[in-house]
Each structure stands twice: as structure tokens, then as C-alpha cells.
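# Coordinate inspection notes
Residue-level listing of the chains:
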Amino acid sequence: MVKLIHTLADHSDDVNCCAFSFSLLATCSLDKTIRLYSLSDFTELPHSPLKFHTYAVHCCCFSPSGHILASCSTDGTTVLWNTENGQTLAVMEQPSGSPVRVCQFSPDSTCLASGAADGTVVLWNAQSYKLYRWRTRSSVFSIGIMWSGLSSQNLGCFFYPYFRSVDKSVIVYDTNTENILHTLTQHTRYVTACAFAPHTLLLATGSMDKTVNIWQFDLETLCQARSSEGHLKQFTEDWSEEDVSTWLCAQGLKDLVGIFKMNNIDGKELLNLTKESLADDLKIESLGLRSKVLRKIEELRTRVKFLSSEIPDEFICPITRELMKDPVIASDGYSYEKEAMENWIRTKKRTSPMTNLVLPSVVLTPNRTLKMAINRWLETHQK
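Residues numbered from 1 in each chain as written. Predicted model: local features only at pLDDT ≥ 70, side-chain atom pairs only at ≥ 80, totals over all residues. Heavy atoms only, no water.

### Concerning the overall build of the protein chain
For the protein chain, the helix and strand inventory stands at eight helices and 21 strands. The 383 residues of the protein chain split such that 47% are buried. For the protein chain, long-range pairs separated by at least 24 residues make up 45% of all intrachain contacts whose partners lie at least 6 apart in sequence. Total accessible area computed for the protein chain in this model is approximately 19400 Å², and 51% of it derives from carbon and sulfur atoms. (Helix = DSSP H or I, 4+ residues; strand = E, 2+ residues; numbered from the N terminus. Buried < 20%, exposed > 50% of the residue type's maximum accessible area, 1.4 Å probe, protein only. Contact = heavy atoms within 4.5 Å. Areas by Shrake-Rupley, 256 points an atom, 1.4 Å probe, with all protein chains shown as cover.)

Written out as C-alpha cells, the structure reads:
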């Protein structure tokens, strides 16, 4: 299921782009403004709209941390904004003076790329706001930039056409099967922008009708990982003995509840059961019944693998490869689990786990935005 939960109608002209951070939605328009909204209730922030550009704003994007917003315009500039107070941090002029159509931060927040209508691409240092390098490509009218393996010496990007909807609808596909999941038809004019929120089940769509629609996706529709026991915790290993009993009943195995309770079988124990333990420890004599239980347990194990792979990469600590509980931002621009990074600095002599370069500073800044996003994700998946 997908439903329209909110419509934003603050822009006075076509909406060109939508972008999400962990806690904010940004939209930009032909009306020369950028607007910021809170994802908690979709109210516009006090310092919104952001005004500087003298012509249409074509693209906006958040830095990975969400603290900085970039916007670019027909006026030939790319502007960096502080998302907390709306202040202008830097105004960077495209060397060719051509209208800037797209901008994108590197994954580590150290660089920003901007692409113009004449095919020029500029790489900016996102800390000093200085031009790092620029290139020219011919016959590019409308471009997008995607980073791939950026190093300090390499700009990895490619170009692709930016298409607009010509039937006023938004179509959502299953990327595995290529089947159409949903067709959204709320807009009254051509759709010009769409963006998925990084870690919530939201989609924003912008249109020439001057509105932005916010759509909510149902967890079961997207994950397709819940069965009749949908009210159980999403992670089987977190199940209590009562959760296991509920699961047994849902599988038509009610007669085994007493045996499982007697042996204190919780989620972790359930996943570790084998044909030997079912026969020898739980004393389940029927071969057919043991086989049925094992089939159901194997389905759970497959589900566990699916859900584990579903955890967003941004929530995984690069050092421990586990879900972060107390994320911090290091001076290399990456986020790590606090304890793991402190141990790394203590034993690795101030090098970055991601780049292997010497860290400019050993100060670790709490990444509260990421922590809130992780907590929201956990709440959603453990209902």
C-alpha cells in the first residue's frame, strides 16, 4: 500500500527537485527559492525559504551528514547553506558562467561536484570552498552526477539524461521483477522530480503544478518479509519465549508450545535448532512434525538474512561492520561507532579507517542526526 499523506504548496512556480536528509526535506523551484521542511510533521523551518539565487534553482542536495545543503541555479552559481540556521556558507561560481543544472556531494562530504548546461563539471573542495578541478564535456544539456569510488585524486562521475513525466504520473517499479507496484496520479501537471527518503518509507514528488506530494509506503509492501505473524518483532533473534509461542500457533504448531516453553526456546534458540536437537532435546518423536518445524525454521533463517541485508549501509560502522549505537563523525568525514573509533585512534596512530590517511584531528563529533535515524529505523523494524 502507498498513500498520500501530505501536500506542500508553498512554491509559486514549477518544482524542480526534492531531496531528503535524515530529518529534513528540501525542495527547489523556478521561483528562485529553496524550502526546508521537518520530516516529523512537514512544517516549514523558521529560516525557510532560502533566498539568494537570482534565477531558477534546478537542483538541491544534502551532504551525507545533513548539516549542509547545496543548491545550483541558472544564475551560474552553486550555493552552500547551513541547514540549522539557513545561513549562506559559500557561493561558488561556475568557471564557464553557464547555468548549473545539478550538484552532488561526495560520499565522504569532502567534495562537491556541479554540472552545467554547457557540459562543464566542476569539483569543489567542500571545506575550503575552493575550486579543485574542472572538466568539459560536449553536448550535455541536462545531466546528473553519481559518485563512484571518489579518491582525493579522482572525480568518478557519469552522466545520464534527466527525464520528466509526460503523463502527470509517478510509476514505482519492483527493481527485481520490473513489475509496476504503484502508479501515483495525484499531480495535475507534469512530474519534474521524485526522491526516496534514505531511511524512512517516504517518497516526495514534485511537479509543474507547483506542489510537492509526500507518499507513505507500507512496510509489508516494500519488504514483503512479514507473514501471518506480522505483529511479532521484525528480528527473530530478539523474540522472547512468548513470541516463539505466538509463531508456533501461526504455523499450525500449537501442540508444540508446551514443549518449547519447557525448554526455554527463545528466538536465538529457535534459529539454532537442528533435526538432532528436535529429536534428542525436545523429544519430538514424529519425523513428519520435525520436518515441518525445520522447514519453518529455515524460512525464518532466510528472513533473517534478508533483513540483515536490508540494514542501510550508512547505519553500519566501517570498523565493526555492525549497526551503530553511538555514531560519531571523525575528521575524515565518515561516521563510526564511538568506542570502535576511539580504540582505532588509540592503536592505529590517527589514521582514517576508510582512507588510511592521517586524520587532521582526533576530535569525534556525535552524529545525533544519524543516531535518530537509526533509532527510527529500529522502531519501524521491531514493531
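And the narrative resumes.
### So, the side chain of Asp332
Along the polypeptide, Asp332 turns up in the loop between strand 19 (327–329) and strand 20 (335–337). Buried charged residue Asp332 carries no salt bridge. Nearest counter-charge: Arg350, at 12 Å. Among the polar contacts made by the side chain of Asp332, one reaches the side chain of Ser352 at a distance of 2.5 Å. When neighbours within four sequence positions are excluded, Asp332 is seen to be in contact with Asp108, Thr110, Ser352, Pro353, Met354 and Leu359. (Lys, Arg positive; Asp, Glu negative; His and termini not counted. Salt bridge = Lys/Arg side-chain N within 4 Å of Asp/Glu carboxyl O. Polar contact = N/O pair within 3.5 Å; in protein donor to acceptor, adjacent residues only side chain to side chain.)

### Examining the sheet that holds strand 2 (residues 15–20)
An order of 2-3-4-5 is seen for the four strands of this open sheet, with the pairing classed as antiparallel. The strands lining the two open edges of the sheet, one partner per strand, are strand 2 and strand 5 (50–51). One ladder, built from five bridges, connects strand 2 with strand 3 (residues 24–29); its direction is antiparallel. Bridge pairing in strand 3 links Phe20 to Leu25. (Pairing = 2+ DSSP bridges.)

### A closer look at the nonpolar core
Judged by nonpolar contacts, the single largest core of 30 residues is most densely connected at Leu69 and Leu112. Counting residues in hydrophobic clusters, the runner-up holds 18 residues, among them Val244, Val257, Phe260 and Leu282. (Core = buried A, V, L, I, M, F, W, Y, C linked by side-chain atoms within 4.5 Å.)

### Some details on the state of the cysteines
Covalent bonding between the sulfur atoms of two cysteines is what defines a disulfide. Counted under the stated rule, the structure contains zero disulfides. Of all cysteine sulfurs in the structure, the one in Cys60 sits closest to Cys28, which takes part in no disulfide; the separation is 3.9 Å. (Disulfide = S-S within 2.5 Å.)

### Overview of the side chain of Asp14
With respect to the element layout, Asp14 can be found in the loop between strand 1 (2–8) and strand 2. Although buried, Asp14 forms no salt bridge, and the nearest oppositely charged side chain, Arg189, lies 4.4 Å from it. Every residue in contact with Asp14, bar those within four places of it in the chain, is listed here: Cys28, Ser29, Leu30, Arg189, Ser207, Met208 and Lys210.

### Observations concerning the environment of Tyr190
Assignment of secondary structure puts Tyr190 in the loop between strand 15 (180–184) and strand 16 (191–196). Among the residues examined, Tyr190 registers a relative accessible area of 37% and is labelled partly exposed. For the pair Tyr190 and Ser169, spaced 21 residues apart in the sequence, the C-alpha separation amounts to 7.5 Å.

### Quick notes on a nonpolar patch on the surface
There is a patch of nonpolar side chains on the surface, built from Ile171, Tyr173 and Ile180 and spanning about 280 Å² of accessible area. Inspection of the secondary structure puts Ile180 in strand 15. Residue classification places Ile180 among the partly exposed positions, given a relative accessible area of 48%. (Patch = residues over 30% accessible without salt bridge, like charges linked within 9 Å, V, L, I, M, F, W, Y side chains within 5 Å.)

### What to know about the pairing of strand 8 (residues 77–82)
Side chains on a regular strand alternate between the two faces of the sheet. By the criterion of burial, strand 8 is predominantly enclosed, with six of the six residues buried. Here strand 8 shows two buried faces, one formed by Thr77, Val79 and Trp81 and the other by Thr78, Leu80 and Asn82. Pairing analysis gives five bridges linking strand 7 (residues 68–73) to strand 8, with the strands arranged antiparallel. Looking at the pairing, Ala70 lines up with Leu80 of strand 8. Counted between consecutive antiparallel strands, the loop separating strand 7 from strand 8 contains three residues, among which Gly76 sits at a positive phi close to 85°. Here strand 8 folds back onto strand 9 (residues 88–93), and the loop between the two strands holds five residues, one of which, Gly86, carries a positive phi near 80°.

### Brief notes about the environment of Asn367
For Asn367, the position within the fold is in the loop between strand 21 (365–366) and helix 8 (368–381). Asn367 sits in the buried class, given a relative accessible area of 3%. In this structure the C-alpha to C-alpha distance between Asn367 and Asp326, which are 41 residues apart in sequence, comes to 7.9 Å. Filtering out sequence-adjacent residues up to four positions away, Asn367 remains in contact with Pro327, Val328, Ile329 and Ser335.

### Observations regarding the sheet that holds strand 7
Here four strands make up an open sheet; going across it, the order is 6-7-8-9 and the pairing antiparallel. The open sheet has two edge strands with one neighbour each: strand 6 (57–62) and strand 9. Averaged over all pairs of adjacent strands, the angle between their axes in this sheet comes to 15°, without regard to strand direction. In this sheet, strand 7 lies alongside strand 6 in antiparallel orientation, the contact comprising five bridges. Counterpart to Cys60 in the pairing with strand 7 is Ser71. (Axes fitted to C-alpha atoms, helices over the stretch in contact; angles between N-to-C directions.)

### Quick look at the pattern of salt bridges
Tallied over the full model, the rule gives two salt bridges. Across the salt bridge formed by Glu44 and Arg35, the nearest N and O atoms sit 2.8 Å from each other. Judged by its relative accessible area of 13%, Arg35 is buried.

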